[in-house]
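Okay, here's what each chain looks like letter by letter:
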Protein chains: 2
Amino acid sequence: MGLTKTKEFTKTQNEIAAMAKALAHPARIAILQFLAKQKSCVCGDIVEELPLAQSTVSQHLKELKSVGLIKGEIEGPAVCYCIDLKALSKIKSIFGELFIEVEQNTCC
Amino acid sequence: MGLTKTKEFTKTQNEIAAMAKALAHPARIAILQFLAKQKSCVCGDIVEELPLAQSTVSQHLKELKSVGLIKGEIEGPAVCYCIDLKALSKIKSIFGELFIEVEQNTCC
DNA sequence: AACCTTTATCGTATTTTTACGATTAATAGA
DNA sequence: TCTATTAATCGTAAAAATACGATAAAGGTT
């Protein structure tokens, strides 16, 4: 079916999966790294940096925005995308908790 | 196209994305959590625990195995899946480095 | 107002993912 | 050997993800 049975899983499980999904494409990792490198608010230079069409990059930005990882601010005709440090620390703790939990496994 | 332009991105970017993709489904998070909870090597009880068909669970296990997160050991007619703590610590460091890198962003 | 720049959205094609039932393979036990 | 159990694989259908070009929207500039 290709349709994930979201309702059959816990809120936390879906949340972790959604965060992971946002990071599950090299282009989105590249976008985050590019934004991090810049010491200022950067905009559509992302498109030039990536080997993808403008509309495709826009889609990737939308996905990062949908999980709150980045914020877009309109600056004249352009849009400035920035990493949301609050969302980032939330992701960090969510993954951190998962890893600690999973690490409890003692078998093998 | 639905076909990720893997070759256009760095090895690290693809690696992070691949790891994230393995975690990008609630069923796979549930599997990892279930394996962690058990203090022993657990096998096909996973199927009973999850709201999915046996073949579907098998597919998810395959994906977790493909990134090395779990290992399968044959135990009689059954198979015992365990978390690979070495792979887990690698994932931890990969995500950790990404988060630290991204955290450098000072804009906004 | 007309125009240019920048970005989002729409429409579409292709690939991948998710999911299931059915079948196969492999092992244990009667 | 025959049978039951367990898990992987195959075939298939439906949905989501990826990608692009074209178009629209929104903001400056002349």
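On a predicted model such as this, the values are computed, not experimentally measured, just so you know.

Quick notes on the environment of Ser 66 of chain A
Argument step 1. Its place among the elements puts Ser 66 of chain A in helix α4 (residues 54–66).
Argument step 2. In this structure, the C-alpha to C-alpha distance between Ser 66 of chain A and Ser 93 of chain A, residues 27 residues apart in sequence, is 19 Å.

With respect to the nonpolar core
Nonpolar side chains in soluble globular proteins tend to be buried together.
Argument step 1. The biggest cluster of nonpolar side chains holds 64 residues, and the ones touching the most others in it are Leu 23 and Phe 95 of chain A together with Leu 23 and Phe 95 of chain B.
Argument step 2. Sequence-distant contacts of Phe 95 of chain A, that is, excluding residues within four places in its chain, are made with Ile 16, Met 19, Ala 20 and Leu 23 of chain A together with Leu 23 and Phe 99 of chain B.

Points about the pattern of salt bridges
All names here are of chain A.
Argument step 1. For the structure shown, the criterion picks out 6 salt bridges over all chains.
Argument step 2. Where Glu 15 meets Lys 90, a salt bridge forms, and the shortest distance between an N and an O atom there is 3.1 Å. Placement of the pair is Glu 15 in helix α1 (residues 11–22) and Lys 90 in helix α5 (residues 85–103), with a sequence separation of 75 residues.
Argument step 3. We classify Lys 90 as partly exposed; its relative accessible area is 41%.

Reading the values: rules and limits
Numbers given to residues run from 1 along each chain, matching the order in which its sequence is written. Each chain gets a letter, beginning with A, and each ligand a number, beginning with 1, in the order they are written. Whole-chain, interface and lining totals are the exception, using all residues; otherwise, since this is a predicted model, local features are given only for residues with pLDDT of at least 70 and side-chain atom pairs are given and counted only at 80 or more. Just so you know, side-chain values use all the structure's heavy atoms and leave hydrogens and water out. Helix and strand assignments follow DSSP, with helices taken as H or I runs no shorter than four residues and strands as E runs no shorter than two, numbered in order from the N terminus. In plain words, nonpolar cores are sets of buried Ala, Val, Leu, Ile, Met, Phe, Trp, Tyr and Cys residues tied together by side-chain atoms within 4.5 Å. For every residue, the accessible area (1.4 Å probe, protein chains only) is compared with the maximum for its type, and the residue is labelled buried under 20%, exposed over 50%, or partly exposed between those bounds. Note on contacts: a residue pair qualifies if any of its non-hydrogen atoms lie within 4.5 Å across the two residues. Salt bridge, as used here, is a side-chain nitrogen of Lys or Arg placed within 4 Å of a carboxyl oxygen of Asp or Glu.

The values reported here are purely geometric and, on their own, carry no functional implication.
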